[in-house]
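# Coordinate inspection notes
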Amino acid sequence: MNILQINSSARSEGSFSTRLADRIVARLREADPEASLTLRNLTGNPHPILDEAALGALFTPAAQRTGEQAARVALDDALIAEIAAADVVVLGVPMYNFGVPAQLKNWIDAISRAGVTFRYTANGPEGLLTGKKVYVALTRGGKYRNTPADSQVPYLATVLGFLGMKDVHFVYAEGLAMGADAEREALATAYAEIEDAVAA
Ligand SMILES: Cc1cc2nc3c(=O)[nH]c(=O)nc-3n(C[C@H](O)[C@H](O)[C@H](O)COP(=O)(O)O)c2cc1C
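The following paragraphs examine the structure supplied in this document. (Residues numbered from 1 in each chain as written. Predicted model: local features only at pLDDT ≥ 70, side-chain atom pairs only at ≥ 80, totals over all residues. Heavy atoms only, no water.)

### Some points on the site of the ligand
- Residues in contact with the ligand amount to 16 residues; listed here are only the nearest, Ser9, Arg11, Ser15, Ser17 and Met95.
- A distance of 2.8 Å is found between an oxygen atom of the ligand and a backbone nitrogen or oxygen belonging to Met95.
- At 2.9 Å from an oxygen atom of the ligand is found a main-chain nitrogen or oxygen belonging to Phe98.
- When the ligand is considered free in solution it has 620 Å² of accessible area, and contact with the protein chains removes 72% of it. (Near = heavy atom within 4 Å. Polar contact = N/O pair within 3.5 Å; in protein donor to acceptor, adjacent residues only side chain to side chain. Areas by Shrake-Rupley, 256 points an atom, 1.4 Å probe, with all protein chains shown as cover.)

Below is the structure:
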């Protein structure tokens, strides 16, 4: 089993989402000691934004790309290769201003490539990153689970599903900014949800 862990908190120290993602990976590796782990730490190694230069590089045929364009596409290729090789994907995802961190959005933009990770057929879109299990550790200062303010879960379920990843387990640590008791309770709940998710 190949596990790919993606950390997207902007914090390199004290991140709850990274802590929960680490916990999920630890539990998976306890169940399968042979499992390999690829860690993509977007905190320390941010992926570049999908800007005009990147789009230009992606839409230029490979043989005609400048060295700079080829280098930019190669950065995305590396992320695509990592997720293509993964059997299990573990995402650590804080809520930032009601959305996902920009780093995670950049990663999603990088792995979403027509003809490679999805394609359109006569029957509609088809995701090509199939056969994977995904665990998402969500951390929030407030409490938004199952409310219209939680745009993260519908967004992630949609885009991951579009790419072929439909087996997605979300675990939540909410209320982390609501005092020490709330923080303790949030982490205990998240740890319990991790046990259920890895057993599922
Ligand atoms: C820039 C920023 C924006 C945030 N926006 C939200 C938000 O919209 N809703 C919320 O519940 N918490 C918000 N928070 C709180 C974080 O979700 C919370 O601190 C979480 O634990 C951060 O993840 P981390 O511990 O992995 O770094 C925000 C925190 C930061 C630093």
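### Points about the side chain of Glu193
- Note that Glu193 resides in helix H6 (residues 180-199).
- Overall, Glu193 belongs to the buried group, its relative accessible area being 16%.
- Within the local environment of Glu193, its side chain forms a polar contact with the side chain of Arg145, the two groups lying 2.7 Å apart.
- Among the polar contacts made by the side chain of Glu193, one reaches the main-chain amide nitrogen of Tyr172 at a distance of 2.9 Å.
- Among residues more than four places away in sequence, those in contact with Glu193 are Arg145, Phe170, Val171 and Tyr172. (Helix = DSSP H or I, 4+ residues; strand = E, 2+ residues; numbered from the N terminus. Buried < 20%, exposed > 50% of the residue type's maximum accessible area, 1.4 Å probe, protein only. Contact = heavy atoms within 4.5 Å.)

### Remarks on helix H5 (residues 152-162)
- Three or more residues of H5 are buried, namely Gln152, Val153, Leu156, Val159, Leu160 and Gly161.
- As for H5, its buried residues are in contact with strand S3 (88-94), helix H4 (102-111), strand S6 (133-139) and strand S7 (167-173).
- A positive phi of about 110° marks Gly164, the residue just after H5.

Just geometry here; none of it tells us what the structure is for.
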